[in-house]
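As a plain string of letters, each chain reads:
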Amino acid sequence: MRQAAQALLKQIFGYDAFRGRQAEIIEQVAEGGDALVLMPTGGGKSLCFQIPGLLRDGLCVVVSPLIALMEDQVATLDELGVAAAALNSLQSADEQREIAQRVRTGELKMLYLAPERLVQPRMLAFLETLPLALFAIDEAHCVSQWGHDFRPEYLQLGRLAELFPQVPRIALTATADQRTRDEIRQRLHLQHAAEFVASFDRPNIFYRIVPKDQPRKQLLGFLAERKGDAGIVYCLSRKKVEEVAAYLSEQGYPALPYHAGLANELRSYHQKRFLNEEGLIMVATIAFGMGIDKPNVRFVAHLDLPKSLEAYYQETGRAGRDGLPSDAWMAYGLQDMLFLKQMLQNGEGDERHKRIERHKLDAMLALCEETRCRRQALLEYFGEHLAEPCGHCDICIDGVQTWDATESARLALSCIYRSGQRYGVGQQVDILLGKQTDKVQSLGHQHLSVFGQGQQHSEQEWRTIFRQLVARGLADVDLDAYGGLRLTEACRPLLRGEATLQLRREQHQPARSAARGSAARDLVRSDERDLWEALRTLRKQLAQEHSVPPYVIFPDATLLDMLRQQPTSLSQMAQVSGVGARKLERYGEAFLAVLQGSAPVSAARPEDLRHELASLARAGMTPTQMAAQLSLSEKSVYAYLAELISAGHLSLEEALDLPDDVLGEVQDAFLDTDGDLPGVAQVRERLTRKVPDGVLHCVRSALAAELLD
Ligand code: ADP
Ligand code: ZN
């Protein structure tokens, strides 16, 4: 069995060796046993059911919660030469009938389905007539009522155990906690399944958490080292998402907003672009989450604090699914903490629920103020022990300085106490520094004994101290008193002189050095850049021809291996990791030609492309003509034009040749509102004639650029 599995791994997937426990899992399922697989994102779960599905006779049925996930997997299998299809509600009756027919004849090997579809009586009856290889239940944590991805339809999947007792079932998830694990077993009737728990460490992710100072500048400093990389920037509010996306675009970073307030089409358009284009930054609320299977997300940046370590782990985990070096970066400050506490307080749920949430937030805060290796701390929270500091996080690389803050903390706490436990950090700092502000005078705070007693620290340092006091639970925020600080039980020993306190010393480094210690930018050496870009360009062209995302043609890891091995023949090309038989046949020659420098590859980099596009536009080409010339979709041409206009590199007149009356109507529609410029979707509805969205985006960019001036 192992040998057969190994042969498939090489022949179809192009890989030389199984990772972690893949081989064991495959053996268990291929031999007819059930399995419960807990493996982090990027761990390689798909192979665990795809290979047994190929080894066993009959149809492999895969349950997946999202159409996007199914489509991605089907496209990937298709490229590998494995006959797969997904049934979903968007297909016509004819399409569905055709798939059913291919299943009946045994031509299809893998069928992807949403759970609600699988449990329909007709579908179950249909499946009962077929030889079945196995059932794979992906994202199995969706069965957990306590998780945030709960899908009621998943509960019905337990019936498969009774209906198909002979068919092995494998449930897979990247959610590790014991409670979810127990729930999956129980609800999916997997009591006897063998359990495979992988380490949840993501060794290719570099963790860094910096004190928030000037968050946007800090973010730019972080991004400066990652030009051309794809990434996600998480923000808490929709408004901030919009602002940050606009700001990054202005600064020359192609960024798109994503949040639940956007029209459905625009949201899915942005998601599609993120998947299909390289080097886009998605600025998003947590609405942007499951279903993001893009393997080469090179960084995840948080401008706001997640509310738990579970959320932090999951969100940062979207970086580096392909196993290549990636970054998790976060800027965190006192305001974040206050805001989340406020949200928690005002949120729904009973006291017990709120208490749990508070504990989760405290664990998140503790990670921010951590003085040990971040990875050790993070994994420990999930019940895993890492013997040594990881050497691949900010604390391991930069070290942490702590200082004896006992006296300063006492002073800060007594300031809170003496001013009546009702004022916020700003006022406390003013008192300690002895500032005669209007507020100080009107409240008589200049008469407090602590007034002016804190000159040994700067305002910035005091803020850091207060933040750490709150994060460590020595002071708390009184949410009924507008964020006023008050003392907690926990601070008594310190005030009584029975305890001392060590706090982190913050190095307020220049923003740029935020990138220090990260490996992501070293992925490709500078002397390899040109060839790397040429390979990526070819991949992009092929992806467009096949209407799939670039990573479906080859993941970055495969291109990188190609770059390093420099194969000169098809047989050498077959040795490259990720080049299976089918892909060798389809793409081998084309990539060999690029490696040998004999293939003309058009304008390689996005910058060059923009440049070329601007010249063509000035020369009077229409978007359709430019799309043909540059082998881009028209959508992308419009998107580039809009960007060029936003950045002031191209005028609207140069970009598009619009009749005056059309232009007039569109402009009026945008400007006919108070306040902010409306979005494209909104304006589309107001127009009497049909104008392509791309044109609307361009006009909007031009207006936005004018309004800013
Ligand atoms: P998961 O579903 O666990 O997040 P995937 O199944 O998508 O992870 O796998 C992540 C990446 O790792 C994919 O690009 C996959 O092709 C690759 N991969 C999986 N198993 C192996 C292996 N044994 N050797 C090399 N690459 C692998
Ligand atoms: Zn570390």
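Residues numbered from 1 in each chain as written. Chains lettered and ligands numbered in written order. Predicted model: local features only at pLDDT ≥ 70, side-chain atom pairs only at ≥ 80, totals over all residues. Heavy atoms only, no water.

Caption draft 1: Representation of the overall build of the protein chain in the model. Of regular secondary structure, the protein chain possesses 34 helices and 17 strands. Scaling as 2.2 N^0.38, a compact globule of 709 residues should have a C-alpha radius of gyration of about 27 Å, and the protein chain matches this with 28 Å. C-alpha extents for the protein chain along the principal axes are approximately 90 × 70 × 50 Å. Counting only residues that meet the buried cut, the protein chain has 53% of its 709 residues in that class. Contacts spanning at least 24 positions in sequence make up 71% of the contacts within the protein chain whose residues lie at least 6 apart. With the model as given, the accessible surface of the protein chain reaches about 31700 Å², and the carbon-plus-sulfur share is 48%. In the protein chain, which carries 80 positive and 95 negative side-chain charges, the distance between the mean positions of the two groups comes to 4 Å. (Helix = DSSP H or I, 4+ residues; strand = E, 2+ residues; numbered from the N terminus. Rg over C-alpha atoms; globule rule 2.2 N^0.38 Å. Buried < 20%, exposed > 50% of the residue type's maximum accessible area, 1.4 Å probe, protein only. Contact = heavy atoms within 4.5 Å. Areas by Shrake-Rupley, 256 points an atom, 1.4 Å probe, with all protein chains shown as cover. Lys, Arg positive; Asp, Glu negative; His and termini not counted. Charge placed at Lys NZ, Arg CZ, Asp CG, Glu CD.)

Caption draft 2: Main features of unusual backbone geometry. Although it is not a glycine, E139 sits at a positive phi angle of roughly 50 degrees. Considering the arrangement of structural elements, one finds E139 in the loop between strand 5 (132–137) and helix 8 (160–163).

Caption draft 3: The sheet that holds strand 10 (residues 255–258), seen in detail. Sheet architecture is open: six strands sit in the order 8-13-12-9-11-10, paired in parallel fashion. Single-partner strands in this sheet number two, and they are strand 8 (205–211) and strand 10. The average undirected angle you get between the axes of adjacent strands in this sheet is 15 degrees. Of the strands in this sheet, strand 9 (231–234), strand 10 and strand 11 (281–284) touch helix 12 (residues 264–276), which is tilted by about 140 degrees from strand 10. (Pairing = 2+ DSSP bridges. Axes fitted to C-alpha atoms, helices over the stretch in contact; angles between N-to-C directions.)

Caption draft 4: Highlighting the site of ligand 1. As a matter of local geometry, ligand 1 sits amid 14 residues, with Y15, G42, K45, S46 and R321 nearest to it. Between ligand 1 and the protein, one listed contact pairs an oxygen atom with a backbone N or O atom of G42 at 2.6 Å. Within the complex, 82% of the 560 Å² of free accessible area of ligand 1 lies under protein. Top element by residues in the shell around ligand 1 is helix 3 (residues 45–55). It accounts for three residues. Among the residues making up the shell around ligand 1, the classes are represented as five nonpolar, six polar and three charged. (Near = heavy atom within 4 Å. Polar contact = N/O pair within 3.5 Å; in protein donor to acceptor, adjacent residues only side chain to side chain. Nonpolar A, V, L, I, M, F, W, Y, C, P; charged D, E, K, R; others polar.)

Caption draft 5: Here's a closer look at the coordination of the zinc ion (ligand 2). Distances from the zinc ion (ligand 2) to its protein donors, namely C373 (SG), C390 (SG), C393 (SG) and C396 (SG), fall within the range 2.3 to 2.4 Å. Bound by four donor atoms, the zinc ion (ligand 2) shows angles of 101 to 117 degrees at the metal and therefore tetrahedral coordination geometry. In primary-sequence terms, the residues that donate to the zinc ion (ligand 2) follow C-x16-C-x2-C-x2-C. On the basis of relative accessible area, C393 is assigned to the buried category, the value being 0%. Residue classification places C396 among the partly exposed residues on the basis of a relative accessible area of 29%. (Donors = N, O, S within 2.8 Å, 3.2 Å for Na, K, Ca; no water. Tetrahedral: all angles 85-135°; square planar, octahedral: opposite > 155°, others 65-115°.)

Caption draft 6: Quick look at the pairing of strand 8. Most of strand 8 is tucked away: seven of the seven residues are buried. Residues I205, Y207, I209 and P211 point to one face of strand 8 and F206, R208 and V210 to the other, with burial holding for every one of them. Taken together, the seven bridges between strand 8 and strand 13 (residues 326–332) define a ladder with parallel strand orientation. Bridge assignment links P211 to a residue of strand 13, and that residue is Y332.

Caption draft 7: Spotlight on the packing of helix 19 (residues 425–433) against helix 21 (residues 459–471). Contact geometry for helix 19 and helix 21: axes closest at 10 Å, N-to-C directions at 130 degrees. On the basis of the axis angle, helix 19 is oblique to helix 21. Every pair of crossing elements has a handedness; the one defined by helix 19 and helix 21 is right-handed. Here V425, G426, Q428, V429, L432 and L433 of helix 19 lie close against helix 21, whose contacting residues are E459, W462, R463 and F466. (Parallel < 35°, antiparallel > 145°, perpendicular 65-115°, else oblique. Left-handed = near helix turned anticlockwise from the far one by under 90°.)

Caption draft 8: Looking closely at the nonpolar core. Grouped together as the largest cluster of nonpolar side chains are 139 residues, with contacts concentrated most on L118, L127, F274, Y312, M562 and F591. The residues contacting L127, other than those within four sequence positions of it, are L59, V61, L118, L132, F135 and F164. In terms of nonpolar packing, the next biggest core, distinct from the first, is built from 36 residues, L609, V637, Y638 and V699 among them. (Core = buried A, V, L, I, M, F, W, Y, C linked by side-chain atoms within 4.5 Å.)

Caption draft 9: Spatial organisation of the side chain of E278. When you line up the elements, E278 lands in the loop between helix 12 and strand 11. In this structure the side chain of E278 is engaged in a polar contact, spanning 3.3 Å, whose partner is the side chain of R536. Here R539 takes part through its side chain, which lies 3.0 Å from a polar atom of the side chain of E278. Setting aside anything within four residues of it in sequence, one finds E278 in contact with N296, R536, R539, K540 and P550.

Caption draft 10: Examining the environment of E380 more closely. Mapped onto the secondary structure, E380 falls in helix 16 (residues 374–381). According to the relative accessible area criterion, E380 is partly exposed, its value standing at 45%. When the C-alpha atoms of E380 and Y258 are compared, they prove to be 32 Å apart, with 122 residues separating the residues in sequence.

Caption draft 11: View of the confidence of the model for the protein chain. Looking at the protein chain as a whole, the pLDDT averages 89, with 95% of positions reaching at least 70. Predicted confidence is poor over residues 510–517, with pLDDT under 50, and the contacts of this stretch with residues over four places away or in other chains come to 18 contacts. (pLDDT = per-residue confidence, 0-100.)

Caption draft 12: Seen up close, helix 25 (residues 556–565). All buried positions along helix 25 are accounted for by D556, T558, L559, L560, M562 and L563. For helix 25, the elements touching its buried residues are helix 23 (529–546), helix 26 (570–573) and helix 27 (581–595). Looking one or two places after helix 25, you find Q566, whose phi comes out positive at around 45 degrees.

Caption draft 13: Quick look at the domain arrangement of the protein chain. In terms of domain boundaries, the protein chain breaks down into domain 1 (2–197), domain 2 (205–398), domain 3 (401–510), domain 4 (524–595) and domain 5 (619–708). The C-alpha-based centres of domain 4 and domain 5 are spaced at 36 Å. (Domains from an automatic or database assignment.)

Caption draft 14: Representation of the pattern of salt bridges in the model. All chains considered together, the criterion is met by 50 salt bridges. Between D34 and R169 there is a salt bridge whose closest N-O contact spans 3.7 Å. A residue pair is termed long-range when its members are at least 10 positions apart, and D34 in the loop between helix 2 (22–30) and strand 1 (35–38) and R169 in strand 6 (residues 169–173) qualify at 135 residues. Per residue, the accessibility class of D34 equals that of R169, and both read buried. In this structure, R97 and D94 form a salt bridge, with 2.8 Å as the shortest nitrogen-oxygen distance. Linking R97 with D94, this pair stays in helix 5 (residues 93–104), spanning three residues, or about one helical turn. Accessibility assignment for this pair places R97 and D94 in one class, exposed. A single salt-bridge network, built from bridges that share partners, covers E278, R298, D322, R529, E533, R536, R539 and D556. (Salt bridge = Lys/Arg side-chain N within 4 Å of Asp/Glu carboxyl O.)

Caption draft 15: Looking closely at a nonpolar patch on the surface. Residues L236, F339 and M343 make up a contiguous nonpolar surface patch of about 270 Å² in total accessible area. Here F339 is to be found in helix 14 (residues 334–346). Classification of F339 by relative accessible area gives partly exposed; the value is 45%. (Patch = residues over 30% accessible without salt bridge, like charges linked within 9 Å, V, L, I, M, F, W, Y side chains within 5 Å.)

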